[in-house]
Amino acid sequence: MQQHQPYRILVINPGSTSTKIGVFENELCIFEKSIRHDTQAIAQYNRVIDQYDFRKKVILEQLNYEGINISKLHAVCGRGGLLRPIEGGTYEVNQPMLQDLKMGYNGEHASNLGGIIAHEIANGLNIPAFIVDPVVVNELDEIAKFSGVPEIPRKSIFHALNQKAVARKAANDMNTTYENVNLIVTHMGGGITIGAHKNGKVIDVNNGLHGDGPFSPERAGTVPAGDLVSLCFSGQYYRDEIMKKLIGQGGLVAYLQTNDAVEVEKRIENGDEAAQQVYEAMAYQIAKEIGSMSTVLSGNIDAIVLTGGLAYGKKFIEMITKRVNWIADTLVYPGENELQALNEGTLRVLRNEEFPKTYPNDKEKERTIYGERI
Ligand SMILES: Nc1ncnc2c1ncn2[C@@H]1O[C@H](COP(=O)(O)OP(=O)(O)O)[C@@H](O)[C@H]1O
Ligand SMILES: CCCC(=O)OP(=O)(O)O
């Protein structure tokens, strides 16, 4: 197989409130950009797939503006979306995956566009496209899957990529390994997920899309179930309208008409009491979920890790830590390591250090090393 030195990789991370892109040469990030999308820009699209042209255009325009020649790329990697539940790792984008991403097999989320856009750009350049640790990585303990309604098992839908990348970083900073620690990792972005990481596995986590947990900048989180059923059958709303109340138009957007925590913090500084109350309530619900995960780990917790865009907000972090600091020490890693994690997963495969996995997981299927069948 031909060896390339260095590898140049484009990574694409569509989130609910932003599109983040990066270009790497081996481990070195030579360009990185986070493009924010305000609530109105996203709200005009009914389905996530309808955002395809808009998000792809934004990415290509940005690369062009920066003078980045995409013909020099060796691979493109996108954040993986709502596929079937699979184990973690790097997957080559294939037709079954594209089909599931396009139909939103497990629901609608911006990350569905990661693999699709990566494939589209890579295909034109005749290079491979990958996804790494998609949001459906499933390591739940069997006991965590019970919901109380057998037809509705709990699902693992969370910020797997960043939670695992930041958990490894935290373990490293604690002079140990991910496999040796118990952590409660809290990712706070457009969605919020809180995972119990036990010796390198996420044994329980709230379904941060349309399941449970705290409300977030744009999601409702847990809502009273009976009242939700009544709303669904009130005859006042179509299904899509209810779904939008839960995802996209819930949380901060519903209470304060913005998904931007920076804007909320400004309002609070200017004495807006409603903003203060809602922000405090979001922190309260996060703390409550951290408390819940502390019981999952039977109180054996090495650290609570806070990460994601909201972790930049110092006051917000204080609102959470004052309620959870009795559980364990808190480590704060603002932002996310997702672009680096996508790049590292791609590099491992390009360098033949790891097999790319085939979607859907079928260990008996033919395995390939990039460019070579074995
Ligand atoms: N400096 C900051 N202080 C407080 N909140 C911030 C800051 N920077 C970003 N945020 C907030 O973080 C949230 C987005 O987090 P992010 O992890 O980028 O989300 P996503 O990847 O889901 O789009 C937004 O509500 C944004 O306003
Ligand atoms: C679907 C879970 C991941 C998630 O919520 O991501 P964003 O915060 O980027 O929307």
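Because the structure is predicted, anything quoted here is derived from the model rather than measured.

1. Structural notes on the site of ligand 1
Okay, step 1: What surrounds ligand 1 is a group of 18 residues, the closest being T17, K20, N259, D260 and A261.
Okay, step 2: Within the backbone of G309, an N or O atom sits 3.0 Å from an oxygen atom of ligand 1.
Okay, step 3: Protein chains bury 84% of the 580 Å² of accessible surface belonging to ligand 1 in isolation.
Okay, step 4: Of all the secondary structure elements, the ones that give two or more residues to the shell around ligand 1 are β2 (18-25) and α9 (261-269).

2. Let's talk about the sheet that holds strand β9 (residues 201-205)
In a beta sheet, neighbouring strands are held together by backbone hydrogen bonds and run either parallel or antiparallel to one another.
Okay, step 1: Spatially, five strands are ordered β9-β8-β7-β10-β11 in an open sheet, and the strand pairing comes out mixed. Edge positions in the sheet fall to β9 and β11 (330-334), since each has one partner strand and no second. Direction aside, the axes of adjacent strands within the sheet are offset by 25° on average.

3. Let's talk about the environment of I268
Okay, step 1: If you trace the backbone, I268 turns up in helix α9.
Okay, step 2: Its relative accessible area of 18% is what places I268 among the buried residues.
Okay, step 3: Separated by 49 residues in the primary sequence, I268 and R219 have C-alpha atoms spaced 21 Å apart.

4. Observations concerning the packing of α9 against helix α10 (residues 273-296)
Okay, step 1: Between α9 and α10, the least distance of the axes is 8 Å, while the angle of their chain directions is 130°. When the axes of α9 and α10 are compared, the pair comes out oblique. Like other packed secondary-structure pairs, α9 and α10 cross with a definite hand, here left-handed. Note on element contacts: α10 touches α9 through A275, Q276 and Y279, opposite A261, V264, E265, R267 and I268.

5. Digging into the site of ligand 2
Okay, step 1: In the region of ligand 2, the neighbouring residues are G15, S16, R79, H109, V135, I157, H159, G190, G191 and R219.
Okay, step 2: Between S16 and ligand 2, the recorded distance is 2.7 Å, taken from a side-chain N or O atom to an oxygen atom.
Okay, step 3: At 2.7 Å from an oxygen atom of ligand 2 is found a side-chain nitrogen or oxygen belonging to H159.
Okay, step 4: Protein contacts shield 96% of the accessible area of ligand 2, which totals 310 Å² for the unbound molecule.

6. A few points about the sheet that holds strand β4 (residues 75-79)
Okay, step 1: Spatially, the six strands line up as an open sheet ordered β3-β2-β1-β4-β6-β5, and their pairing is mixed. Two strands bound the open sheet, and with one partner strand each, they are β3 (28-36) and β5 (90-92). Strand-to-strand, the axes of this sheet are offset by a mean angle of 20°, without reference to chain direction.
Okay, step 2: Note that strand β1 (residues 8-14) and β4 share four bridges and pair parallel. Along β4, the bridge assignment pairs V11 with C77.
Okay, step 3: Sheet contacts for helix α2 (residues 52-65): β1, β2 and β3; angle to β2, the most-contacted strand, approximately 40°.
Okay, step 4: Here helix α12 (residues 338-350) sits on the sheet in contact with β1, β2, β3, β4, β5 and β6 (129-132), set at roughly 135° to β1.

Rules used in this analysis
Residues numbered from 1 in each chain as written. Chains lettered and ligands numbered in written order. Predicted model: local features only at pLDDT ≥ 70, side-chain atom pairs only at ≥ 80, totals over all residues. Heavy atoms only, no water. Near = heavy atom within 4 Å. Polar contact = N/O pair within 3.5 Å; in protein donor to acceptor, adjacent residues only side chain to side chain. Areas by Shrake-Rupley, 256 points an atom, 1.4 Å probe, with all protein chains shown as cover. Helix = DSSP H or I, 4+ residues; strand = E, 2+ residues; numbered from the N terminus. Pairing = 2+ DSSP bridges. Axes fitted to C-alpha atoms, helices over the stretch in contact; angles between N-to-C directions. Buried < 20%, exposed > 50% of the residue type's maximum accessible area, 1.4 Å probe, protein only. Parallel < 35°, antiparallel > 145°, perpendicular 65-115°, else oblique. Left-handed = near helix turned anticlockwise from the far one by under 90°. Contact = heavy atoms within 4.5 Å.

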